[in-house]
Amino acid sequence: MQPIVDTSLWLAHKRRALASPAAGADFLMRRAAEELADRLGAVERKFDRAAVLFCQTPAAVDVLATSGKVAEIVRVEADATFLGDGAGGDAAGLVAPLETVPFEPESLDLAVSLLSLQAMNDIPGMLVQIRRALKPDGLFLGAFAGAGTLSELRECLLAAETEFYGGASPRVIPFTDVRDAGALLQRAGLALPVADVETVTVRYDSLFGLMADLRAMGETSALIDRSRRPGTRKLFARAAEIYAEKFSDADGRVRASFPIVWMSGWAPDDSQQKPLKPGSAKISLKTILENPGRR
């Protein structure tokens, strides 16, 4: 598989962001953590052992710890810097290479990943590893930036660069859409797969406010094939003009889209519901339609 993302550079951006935190720039992670709490709350069971995979902050650990549903939590990060003085709560901390799941087969009851899968080059392989690490009937919950993320910024940068140079290089990573996410869960062998999307729309005074937030998140471009030509002030000023022309509201502020794709799936187990075999129905659809009062 041809890698798309320079994961070493992505981690460097994350370390830089951690070293210079900006108030409020973690809004996407906080939103994802709140949604995780809701989704975990809807699951009527408890988990003996959970892993929180490459979430870069203790937000997911805090959700699991306060849920009262998880006995043991292990937080996995690609760099000890993200663990800081500890994994968060009573969680154990573990450092492992990005895109690996450092657990024995069938050793986890729950695996969680927030806002890191989009930076991985082998999402299918990561999901397979997660499925293998889950015990039968173990649950995976994940969220990542999906197709359409920063679509406005992508369009305006391409337009501005084409004006200046007669062509453009990619500056925003490609994102997976929700339909592909569902297929990836099935391909990984997870049962009862569900994928859905929640779009977060954020408003800024200008493109420059958005770019400041992306830098503070550690989410500036980490494409392997990114342009090595330094962006000039004139280039970004023109991109900001195009952004304001195409994506501003009546008050002059501009919009930025962040579709968050949520995935859930279970390690197969005989106890799970399964679809009936074709032809096993005891009453035909035709009979039901012709006799609506019949049960």
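Above: the structure in question.
Residues numbered from 1 in each chain as written. Predicted model: local features only at pLDDT ≥ 70, side-chain atom pairs only at ≥ 80, totals over all residues. Heavy atoms only, no water.

1. Comments concerning the overall build of the protein chain
Counting its secondary structure elements, the protein chain contains ten helices and seven strands. For the protein chain, buried positions account for 45% of its 295 residues. Counted over contacts in the protein chain with a minimum sequence separation of 6, partners at least 24 positions apart contribute 77%. (Helix = DSSP H or I, 4+ residues; strand = E, 2+ residues; numbered from the N terminus. Buried < 20%, exposed > 50% of the residue type's maximum accessible area, 1.4 Å probe, protein only. Contact = heavy atoms within 4.5 Å.)

2. Some points on helix H9 (residues 233-247)
The end-to-end C-alpha distance of H9 is 20 Å, a good match for the 21 Å that 15 residues give at a rise of 1.5 Å each. Looking at H9, one finds that the buried residues are Leu235, Phe236, Ala239, Ala240, Ile242, Tyr243 and Phe247. Take H9 and look down its axis: the buried residues cluster within an arc of 165°, on one side only. In H9, the exposed positions that point more than 90 degrees away from the buried face belong to Arg233, Lys234 and Glu245. Each element contacted by the buried residues of H9 is listed here: helix H6 (151-165), helix H8 (207-217) and strand S7 (254-266). (Expected span 1.5 Å × (residues − 1). Arc of directions from axis to C-beta.)

3. Description of the layout of surface pockets
Here the largest pocket is characterised by a volume of approximately 1200 Å³. What lines the largest pocket is a set of 48 residues, among which Leu214, Arg215, Met217, Glu219 and Thr220 lie closest to the centre. Secondary-structure elements contributing two or more residues to the lining of the largest pocket are helix H1 (7-19), helix H2 (27-41), H6, H8 and S7. Considering each element in turn, the lining of the largest pocket owes the most residues, six residues, to H1. By residue class, the composition of the lining of the largest pocket is 30 nonpolar, nine polar and nine charged. Lining the second largest pocket are 17 residues, with Ile4, Met120, Ile123, Pro174 and Thr176 positioned closest to its centre. Among the elements of the structure, helix H5 (123-133) and strand S5 (134-145) are those that each provide at least two residues to the lining of the second largest pocket. Looking at the lining of the second largest pocket, its residues break down into 13 nonpolar, four polar and no charged. (1 Å grid on protein atoms, 1.4 Å probe; cavity = no way out; pocket = protein on both sides within 12 Å on 5 of 7 lines; lining within 4 Å. Points joined across faces, edges and corners; volume = space filled by probe spheres on them. Nonpolar A, V, L, I, M, F, W, Y, C, P; charged D, E, K, R; others polar.)

4. Re the pattern of salt bridges
By the definition in use, this model includes 19 salt bridges. In this structure, Arg31 and Glu198 form a salt bridge, with 2.8 Å as the shortest nitrogen-oxygen distance. With a gap of 167 residues between them, Arg31 in helix H2 and Glu198 in strand S6 (residues 191-204) connect regions that are remote in the sequence. Overall, Arg31 belongs to the partly exposed group, its relative accessible area being 36%. Between Glu72 and Arg49 there is a salt bridge whose closest N-O contact spans 3.5 Å. (Salt bridge = Lys/Arg side-chain N within 4 Å of Asp/Glu carboxyl O.)

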